[in-house]
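# Coordinate analysis (summary)
Listed here are the chains, written in short residue letters.
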Amino acid sequence: MVTSAHSFGDTLRSFGGALLVLVAAGCSAVQAQQSKNPISTLTDLITGTASPGAAPAAPTASKEWSGESGSSGHPAMTADAIRAAAQNFPQCLENLWPLAAKRGVSRAVYERHALTLTPDLKIMDFMDSQPEFSKAIWEYMDILVSDVRIQKGREILATHQASFDAVEKHYGVDRYAIAAIWGIESNYGTQGGDRPVVRSTATLACVGRRQEYFRDEFLTTMEILQRGDVKPEYLKGSWAGAFGPTQFMPTSFKRFAVDFDGDGRRDVVESIVDIIASTANNLKKDGWVAGQAWGYEVTVPQGFNYLLADKSKQMTVAQWEHLGVRRVGGKPFLRHADHATLMLPAGAQGPAFLMLGNFRAILRYNPAEAYALAIGHFADRLRGGDPFVQAWPRHERVLSRAERLELQTHLARRGYRIGEPDGMLGAKTRDAIRDFQTAAGDIPDGFASATVLDRLRTR
Ligand SMILES: [Ca+2]
């Protein structure tokens, strides 16, 4: 599994060939163990928990826990288990004190910031939420790469040009990619979430099914408070603890944040140049190579073997060109020896892309292919690039969760190996769809469309 800084979802990452499924609960379940940022506020935005353009501090949903058992079925997520853990919350935090002390946290800081907390049980609802409807990748791209967001990004690039100049010179990371992350993760810091990070991570460290993972996030938050890098009142973020305009999880902050303005604090909330430099440092450590593209929009020829559109099928740009893959608009490929994979995020009816090394660096920042595509494309647009040439198959209807389960059940009944039907369209489901399409004489793009479901129902 990919280790990432700012991931919001294995389910999103594995959309390849399927309509986009972005399930916050699924993300944290699968991803939280190894990723640095399992859930950013962006997840809530895409899943509909927050609406684009909404003010960050205006939650419309109830702030109280539903009191219901989580849908994951995990024993730590039953209503009784959550209540019992909440009862034990003060004791749990007292038990964590020695670990905090080992990290240099003073008793006074721990008493002030940790021992005064109550658990935020609403987070348990978010952790296990399974939205019935998801967005298609084109809806996701429409929201994230909008004209308004591009205009705002250009303003920010102009306003902070000196900071971007200095950071780009120092780290060799494309300023447009950083601005894209800034704009997409939090809509330029306006939708970063308003939950105190220490309360969220303490809750997750003591209640629910990911306590071990979040213990490190909580203890790292205490270290940040001890050192005073970010003022406590600014240490607010998503329900999982991602904070600041580029949504650092506490542990990714610890690893990547830098004090670029030299005031002694690594402040990824208030200091613009620290935000820009910390994000650049993160991308650089994740393998960003200066001066290279993330990828290209391409066309594939008639009769193309769509089984090659898979992230396991890496070839050089020259080899792809030999197979008839071309850049749109008649532009030449640069750097023919670079390794690339072919991606068709909406199947054979939608646009195709060749993905290069910097795309993989963005994936390490957040292991969701749709996210990485949005960042790469948004960066190009900020630079003055054009919209995609090929159209999305907007006539395709997004399958509901019930329909995704039905599709998987049909596939399983026909003997295709998809694992346990879970409503999430991962690599196994995509491969099973490809096999079914091959057997049916259709183009094997693995795309979970309503058409495929109809065929499975009737054949
Ligand atoms: Ca600083």
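Below is a short write-up of the structure.

Parameters at a glance
- Residues numbered from 1 in each chain as written.
- Predicted model: local features only at pLDDT ≥ 70, side-chain atom pairs only at ≥ 80, totals over all residues.
- Helix = DSSP H or I, 4+ residues; strand = E, 2+ residues; numbered from the N terminus.
- Contact = placed C-beta atoms within 7 Å.
- Core = buried A, V, L, I, M, F, W, Y, C linked by C-beta atoms within 7 Å.
- Buried ≥ 20, exposed ≤ 12 C-beta atoms within 10 Å, placed from the backbone.
- Domains from an automatic or database assignment.
- Expected span 1.5 Å × (residues − 1).
- Bend = angle between axes of the 7 residues up to and from the residue.
- Pairing = 2+ DSSP bridges.

Turning our eyes to something else, we now look at the overall build of the protein. Secondary structure summary: the protein contains 21 helices and seven strands in total. Once local pairs closer than 6 in sequence are excluded, the contacts in the protein between residues at least 24 apart make up 73%.

Further remarks concern the nonpolar core. Residues Ala177, Ala180, Leu354, Ala374, Ile375 and Phe378 are the most contacted members of the largest nonpolar core, which totals 111 residues. The leading source of residues in this core is helix 18 (residues 369-382), at nine residues. For this core, the domains that each give at least three residues are domain 1 (39-288) and domain 2 (401-458).

Every α-helical turn comprises 3.6 residues, leaving residues that sit three or four positions apart pointing alike. With 14 residues, helix 5 (residues 89-102) extends 21 Å between its outermost C-alpha atoms, agreeing within 8% with the 20 Å of an ideal straight helix rising 1.5 Å per residue. A maximum bend of about 35 degrees is found in helix 5 at Leu96, where proline Pro98 lies one to four positions downstream.

To continue, consider the pairing of strand 6 (residues 339-343). With respect to burial, strand 6 is a largely interior element, four of its five residues being buried. Where strand 4 (residues 315-316) lies against strand 6, two bridges are found, and the strand directions are antiparallel. Directly across from Met315, in strand 6, lies its bridge partner Ala340. With three bridges connecting them, strand 6 and strand 7 (residues 352-355) associate as antiparallel partners.

Attention shifts here to the environment of Lys135. Among the structural elements, Lys135 can be located in the loop between helix 7 (122-127) and helix 8 (137-144). Note: C-alpha distance between Lys135 and Val398 (263 residues apart in sequence) is 6.9 Å.

Before going further, it helps to spend a moment on the sheet that holds strand 6. Taken in spatial order, the five strands line up as 4-6-7-3-5 in an open sheet, and their pairing is antiparallel. Each edge of the open sheet is held by one strand with a lone partner, namely strand 4 and strand 5 (326-327).

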